[in-house]
Amino acid sequence: PFLMKDMDKAVDRILRALRSHEKILIYGDYDVDGTTSVALAYSFFKELGADVDYYVPNRYSEGYGISLQGIDYAHTNGFKLVIALDCGIKAADKIEYASQRHIDFIICDHHLPDENIPKAVAVLDPKRTDCHYPYKELSGCGIGFKLISAVARKKHLGYDSVNKYLDFVVVSIAADIVPITGENRVLAYYGLQRLNKEPSEGLRALIELNQLKKPLTVSDLVFIVGPR
């Protein structure tokens, strides 16, 4: 994960927040990639004992990406650090608005950036021209997975502390229609194993409600689980 530009800055800021018991807000887009990203990051940091909450913008009143309402929510409720997942790479003006309110942002996105990279604490996006991460097609949740993997490594936690969230990653890969090549193929393979053996409670409920037969495939995720 530390091959990704700004990963060291992101992890340092998160560790500082954990040490000083700062309130952390996990902010994600409202689509499947965004909501799986939020579930992954929130669950991981909650298990670490962080003072963490989440925010998903309203599709109709706020629209896609980081919103002024979301930043105002963070400001009103005393959040000093926001981790934005699956959005934010084109939100330079919103990040400026947040910085005026003394709110730090870590952006984890996989969309193509503009020339103007937001002035956040860290901007994780393999599609940045100055990022030499070898695989460019991770989903937003995949980048969230790299972030929690980096935090786990710095805190000397075992791989089990992060691989339990691979079910979220494979759902994001399938629903966001990213290429199932390279690293995504590996993440999808082990994510399907996790999903079939020990899925999170929310995904297990969707599987049971739809009476899906195991082993689940990527097609099941694209056409049945993802839309729900």
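Here the structure is a predicted model, which means the values were calculated and not measured.

Parameters and conventions
Residues numbered from 1 in each chain as written. Predicted model: local features only at pLDDT ≥ 70, side-chain atom pairs only at ≥ 80, totals over all residues. Heavy atoms only, no water. Helix = DSSP H or I, 4+ residues; strand = E, 2+ residues; numbered from the N terminus. Buried < 20%, exposed > 50% of the residue type's maximum accessible area, 1.4 Å probe, protein only. Salt bridge = Lys/Arg side-chain N within 4 Å of Asp/Glu carboxyl O. Patch = residues over 30% accessible without salt bridge, like charges linked within 9 Å, V, L, I, M, F, W, Y side chains within 5 Å. Areas by Shrake-Rupley, 256 points an atom, 1.4 Å probe, with all protein chains shown as cover. Axes fitted to C-alpha atoms, helices over the stretch in contact; angles between N-to-C directions. Left-handed = near helix turned anticlockwise from the far one by under 90°. Contact = heavy atoms within 4.5 Å. Nonpolar A, V, L, I, M, F, W, Y, C, P; charged D, E, K, R; others polar.

1. Describing unusual backbone geometry
Following K214, the chain continues into P215 via a peptide bond in cis, with omega recorded as 0 degrees. Residue placement: P215 occurs in the loop between α9 (201–209) and α10 (218–225). The backbone of D6 shows a phi angle near 75 degrees, a positive value even though the residue is not glycine. In this fold, D6 is placed in the segment before α1 (7–19). Residue D6 is classed as buried on the basis of its relative accessible area, which comes to 9%. Of note in the backbone geometry, H21 takes a positive phi value of approximately 55 degrees without being a glycine.

2. Here we look at the pattern of salt bridges
Enumeration according to the criterion identifies twelve salt bridges in this entry. E22 serves as the salt-bridge partner of R13, at 2.8 Å between the closest nitrogen and oxygen. Using a relative accessible area of 4% as the deciding quantity, one classes R13 as buried. Residue classification places E22 among the buried positions, given a relative accessible area of 15%.

3. Observations concerning a nonpolar patch on the surface
A contiguous nonpolar surface patch, about 320 Å² in accessible area, is contributed by V186, Y189 and Y190. Note on Y189: relative accessible area 49%, which makes it partly exposed.

4. Brief notes about the packing of α1 against helix α5 (residues 140–154)
Between α1 and α5, the shortest axis-to-axis distance is 10 Å and the interhelical angle comes to 65 degrees. Note that α1 runs across α5; the crossing there is right-handed. On the side of α1, the interface is formed by M7, A10, V11, I14 and L15, while α5 contributes K146, L147, A150, V151 and K154. The residue makeup of the contact of α1 with α5, split by class, is eight nonpolar, no polar and two charged.

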